[in-house]
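Here is how the chains run, residue by residue.
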Amino acid sequence: MIYREAGQFKTSYEKDSQIFPIAQDRYAVVALLLIAFVAVPLMATPYVFSAILIPFLIFALATLGLNILTGYAGQMSLGTAAFMAVGAFASYNFMLRIEGMPVLVAFVLGGVCAAIVGIVFGLPSLRIRGFYLAASTLATQFFVVWCLTKVPWFTNNSSSGVITAQQIEILGFKFDTPQEKYLLVLAIVAIMALMAKNMVRSTVGRSWMAVRDMDVAAEVIGFRIMRTKLTAFAVSSFYCGVAGALYAYCYLGTVEPEAYNLDVSFRILFMVIIGGVGSILGSFLGAAFIVLLPVVLSVIVHYTGLPNSVTSNLELMVFGALIIFFLIVEPHGLARLWQIGKEKLRLWPFPH
Amino acid sequence: MSERKIGDVILKVDNISLRFGGVKALTDISFDVREHEIRSIIGPNGAGKSSMLNVINGVYHPQEGTVTFHGEVRRDMDTHQAAEHGIARTFQNIALFSGMSVLDNIMTGRNLKIKSSFVEQALWFGRARREEMENRRVVEEIIDFLQLQHVRKTPVARLPYGIKKRVELARALAAEPKMLLLDEPMAGMNVEEKQDMCRFVLDTNDQFGTTIVLIEHDMGVVMDISDRVVVLDYGKKIGDGAPDEVRNNPDVIKAYLGAH
């Protein structure tokens, strides 16, 4: 009864193409943002910040990046972590080598470097697709990590390969505590999510989806296939690059190649699948789900009195089962379930 | 039919030959299309009708011959050039973007009119926002014209066949084309849907003055709405002219009915 759009008339196209055309949705989003920016920082413990909220937001951003490429533009990629690594190391080197480089600019430049690498490794997508493209992006994954390990310049000749990330300081304000880092990450993620939404509701997003759904028709209409695919790779890698930099600076506190291995790429792919292919909201749901799952499982294991070693194995089993479940039952993931729920709610308590 | 003024030759294909390896899809085809006319291409299955359209808008590149559109002579077009020069088309097997809504599908037809960069679009600011709204208005007019209001926001995958064909026409019209290539727009439709489609094709021709090149198997439709008809058989042109001439052409009768 509450979630009803009766009486809300759109009198301009502008109103009709809002991100949240239904008023209740808008209130909900404003409330959510208020909670995230105001209530959560006041209440959450450092553990919640650094073990749940920060990784959730960072993975959500990376998932968003992969979702742009795989969900919207239809190009498979297994190199997400590699683009994240490029972003992290590029940011590190910009801050290290250029005196007085502002952190945010370094993050953006890190994203730009990731975008350039993304374009280069996206070139095969012009000739191959599907599994073959996935295999070629797998090469990105191994090449980038290998490169960062083998070329000492990238790690500033560090012998262990593990570097402590520089202090984050914006306009004299230091981001030290988990709470401050959380707010920084939240602000960046919120802005970038909004930009992603804007892209997918305008021509660039439509060009991605057109190429995904029917590339011959897209070409005949006048989209340039090459430019469209490479833009998708660039934007996607930019998002992953910024996520990678945040991962190093706000979560790990270190910059190291091994933090960006194939496992991370797969994790992010799972988040896309479980959250919802081709959905901005889905990226957040998927990331939340996969970040929270181990936490929830460990609580369950704790209360049932099973040995702790069970947790990690149980996690793998549940992951595997869930992936299979979603691929078979709901290929569009949690986002689709959410949408169905909303459709139902609009009519509730009536059946039609 | 209302008074229409048929103009000069807008498209001319000369001596087009197209081969796929040893298969000769088209052999030495020449014909022209005049501005504002409805020009049909007919022929038995495998005659090369769709290949001809693919040559005109640059999907296939013929080995010999030239395509002249608006006085510009080309050995072969590329698809992007064709779109920029105002050639739009629909496909024999519906080629809509199935994951998108009707509105978004039609909006894709406007892509060449949108000049803002993806950065502006990401910020949803200034030109990007204005263009989106201006083009939305044009698209809404087309939605109105083709009576698609009720399915505006429906994902095309959920639509029935006849409506999908209409959405495809809408997407092509959204580009405000000078010339529209329709590849079997009425295939697989029932009588009513065919009548609707005929009316839309005629209205398009009438209201926007769009030149139409039509491939169709329903002879009743072809003979009724075409100004001139080209007949292909096994990749060769066997007839060309007004519907009545073509109907009485012995070669055409032979191709359709066999030797007699």
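Residues numbered from 1 in each chain as written. Chains lettered and ligands numbered in written order. Predicted model: local features only at pLDDT ≥ 70, side-chain atom pairs only at ≥ 80, totals over all residues. Heavy atoms only, no water.

Could you give an account of the packing of aromatic side chains, with specific residues and numbers?
Per the stated rule, a full pass over the model turns up 16 aromatic pairs over all chains. Taking the centre distance of 5.7 Å and the plane angle of 65 degrees together, the rings of Tyr247 of chain A and Tyr260 of chain A count as edge-to-face. Placement of the pair is Tyr247 of chain A in helix 10 (residues 225-252) and Tyr260 of chain A in the loop between strand 4 (254-255) and helix 11 (262-275), with a sequence separation of 13 residues. With a relative accessible area of 8%, Tyr247 of chain A lands in the buried category. An angle of 75 degrees between the planes, with centres 5.1 Å apart, marks the rings of Phe20 of chain B and Tyr60 of chain B as edge-to-face. Of this pair, Phe20 of chain B sits in strand 1 (residues 9-20) while Tyr60 of chain B is found in the loop between helix 1 (49-56) and strand 4 (64-69), placing the two residues 40 residues apart along the sequence. (Phe/Tyr/Trp six-rings, centres within 6.5 Å; stacked < 30°, edge-to-face > 60°. Helix = DSSP H or I, 4+ residues; strand = E, 2+ residues; numbered from the N terminus. Buried < 20%, exposed > 50% of the residue type's maximum accessible area, 1.4 Å probe, protein only.)

Describe the pairing of strand 3 (residues 38-42) of chain B, and please don't skip the residues or the numbers.
Residues and elements named next belong to chain B. In terms of burial, strand 3 is largely enclosed, as five of its five residues are buried. Pairing of strand 3 with strand 8 (residues 211-215), which is carried by four bridges, proceeds in the parallel orientation. Looking at strand 8, one finds that Ile41 is bridged to Ile215. (Pairing = 2+ DSSP bridges.)

Give a description of the pattern of salt bridges that names residues and reports values.
When the charged atoms of two side chains lie near each other, side chains of opposite charge can form a pair. Residues and elements named next belong to chain B. Inspection of the entire model under this criterion finds 29 salt bridges over all chains. Close ionic contact of Arg74 with Glu72 constitutes a salt bridge, the shortest N to O distance being 3.0 Å. You can call Glu72 partly exposed: its relative accessible area is 38%. In this structure, Asp244 and Arg247 form a salt bridge, with 3.1 Å as the shortest nitrogen-oxygen distance. Here Asp244 pairs with Arg247, and both are found in helix 9 (residues 243-247), just three residues apart, close to one helical turn. Taking the relative accessible area as the measure of exposure, Asp244 reaches 49% and is therefore partly exposed. A cluster of three or more residues bridged by salt bridges with shared partners is formed by Asp32, Glu37, Arg39, Arg228, Lys237 and Asp240. (Salt bridge = Lys/Arg side-chain N within 4 Å of Asp/Glu carboxyl O.)

Describe the sheet that holds strand 1 of chain B, listing the residues and the values that go with them.
Residue and element names in this part refer to chain B. Spatial ordering of the open sheet is given by 2-1-4-5, a layout of four strands whose pairing is antiparallel. Only two strands of the sheet have a single neighbouring strand rather than two, namely strand 2 (23-34) and strand 5 (72-74). Averaged over all adjacent pairs, the angle separating strand axes in this sheet is 15 degrees, with direction ignored. Lying on the sheet, helix 1 is in contact with strand 1, strand 2 and strand 4; it crosses strand 1 at an angle near 115 degrees. (Axes fitted to C-alpha atoms, helices over the stretch in contact; angles between N-to-C directions. Contact = heavy atoms within 4.5 Å.)

So what about the interface of chain B and chain A? Which residues, and what values?
The interface is formed by 35 residues belonging to chain B together with 29 residues belonging to chain A. Summed over the shared surface of chain B and chain A, the number is five salt bridges. A salt bridge links Arg206 of chain A to Asp104 of chain B; the nearest nitrogen and oxygen atoms lie 3.7 Å apart. Counting the contacts that link chain B with chain A gives 13 residue pairs in polar contact (both at pLDDT 80 or more). Residue assignment for the side of chain B that touches chain A shows that the elements contributing at least two residues are helix 2 (79-84), helix 3 (102-108), helix 4 (118-123) and helix 5 (127-145) of chain B. (Polar contact = N/O pair within 3.5 Å; in protein donor to acceptor, adjacent residues only side chain to side chain.)

Give a detailed account of helix 6 (residues 131-150) of chain A, specifying residues and quantitative values.
Taking 1.5 Å of rise per residue, 20 residues should cover 28 Å, and helix 6 of chain A covers 29 Å from first to last C-alpha, within 8% of that figure. Against the buried residues of helix 6 of chain A lie helix 4 (80-97), helix 5 (103-122) and helix 11 of chain A. (Expected span 1.5 Å × (residues − 1).)

So, unusual backbone geometry: which residues are in play, and what are the values?
Trp348 of chain A connects to Pro349 of chain A through a cis peptide bond whose omega is 5 degrees. For Pro349 of chain A, the location among the structural elements is in the segment after helix 14 (333-347). Even without glycine at this site, Asn15 of chain B takes up a positive phi of about 45 degrees. Within the secondary structure, Asn15 of chain B sits in strand 1. For Asn15 of chain B, a relative accessible area of 40% gives the class partly exposed.

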